[in-house]
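Analysis of the macromolecular model
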Amino acid sequence: MASQPPSLYGEPTLVAVMDWIYEMEMVLKSCDYGDQWKTIFAVRQLKTGVLSWWRLLAGARTNEETRRMSWENFLVQLKEEYFSERDLLEIANEFKNLKKRVMSVREYAAAFIEKMELVPYLVPTELFKVENFVNGLPTDFVLW
């Protein structure tokens, strides 16, 4: 059974874009593409609204600049377009206030990781990650 690379279309949310990037990076890693080819391959997966954004972006550059755009530069451009400052502040606040409450530990961990990946500057080291995760657990929660 062949799997299809993920597509990104319409007016995606911040989380949808992050999910697409994560899935696309898994595909690109398995294909061992060079940096320039990553962007070329990924652009082929853009549809409707997102494809219109790409056409505008590419149209403002020469063909050579567009063809040589690095994966990192492409991601910066994509995030600038689809991640508003308001969205990022909201995610940062959600992350800072994230508590396990009625979630299972697995659900809490998944929510923690999803939000942490969107605001990595809040947890610059492994110690910060652990401290933030533990702070979201109930005080009577036993870790071992």
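In short, a report on the structure. (Residues numbered from 1 in each chain as written. Predicted model: local features only at pLDDT ≥ 70, side-chain atom pairs only at ≥ 80, totals over all residues. Heavy atoms only, no water.)

Considering the nonpolar core
As a rule of thumb, soluble globular proteins bury nonpolar side chains together. Judged by nonpolar contacts, the single largest core of 36 residues is most densely connected at W20, L46, W53, W54, W71, F74 and L78. Taken together, the elements giving at least two residues each to this core come down to α1 (14–31), α2 (35–43), α3 (48–59), α5 (71–82), α6 (85–96) and α7 (105–118). Top contributing element to this core by residue count: α1, with 7 residues. (Core = buried A, V, L, I, M, F, W, Y, C linked by side-chain atoms within 4.5 Å. Buried < 20%, exposed > 50% of the residue type's maximum accessible area, 1.4 Å probe, protein only. Helix = DSSP H or I, 4+ residues; strand = E, 2+ residues; numbered from the N terminus.)

A few points about the packing of aromatic side chains
Counting across every chain of the model gives 11 aromatic pairs. Where W53 meets F74, the ring centres are 6.1 Å apart and the plane angle is 55 degrees; that geometry is what we call tilted. Residue W53 is found in helix α3, and its partner F74 is found in helix α5; the two are separated by 21 residues along the sequence. By relative accessible area, F74 is classed as buried at 0%. Members of the aromatic cluster, joined through ring pairs, are W20, W53, W54, W71, F74 and Y82. (Phe/Tyr/Trp six-rings, centres within 6.5 Å; stacked < 30°, edge-to-face > 60°.)

Digging into the pattern of salt bridges
Within this structure, the stated rule accounts for 4 salt bridges. Here E64 and R68 are joined by a salt bridge, their closest N and O atoms 2.3 Å apart. Relative accessible area serves as the criterion here: at 54%, R68 is assigned to the exposed category. Note that E126 and K129 form a salt bridge whose closest N and O atoms lie 3.8 Å from each other. (Salt bridge = Lys/Arg side-chain N within 4 Å of Asp/Glu carboxyl O.)

Quick word on the packing of α6 against α7
Two elements in contact, α6 and α7, have axes whose closest approach is 9 Å; the angle formed by their N-to-C orientations is 140 degrees. As far as their axial angle goes, α7 and α6 are oblique. Where α6 crosses over α7, the handedness of that crossing is left-handed. Of the residues in α7, those in contact with L88, I91, E94 and F95 of α6 are F112, K115, M116 and L118. Taken together, the residues that form the contact of α6 with α7 break down as 6 nonpolar, no polar and 2 charged. (Axes fitted to C-alpha atoms, helices over the stretch in contact; angles between N-to-C directions. Parallel < 35°, antiparallel > 145°, perpendicular 65-115°, else oblique. Left-handed = near helix turned anticlockwise from the far one by under 90°. Contact = heavy atoms within 4.5 Å. Nonpolar A, V, L, I, M, F, W, Y, C, P; charged D, E, K, R; others polar.)

With respect to the side chain of K100
Counting through the fold element by element, K100 comes out in the loop between α6 and α7. Polar contacts involving the side chain of K100 include one to the main-chain carbonyl oxygen of M103, which spans 2.7 Å. Filtering out sequence-adjacent residues up to four positions away, K100 remains in contact with V105, Y108, G136, L137, P138 and F141. (Polar contact = N/O pair within 3.5 Å; in protein donor to acceptor, adjacent residues only side chain to side chain.)

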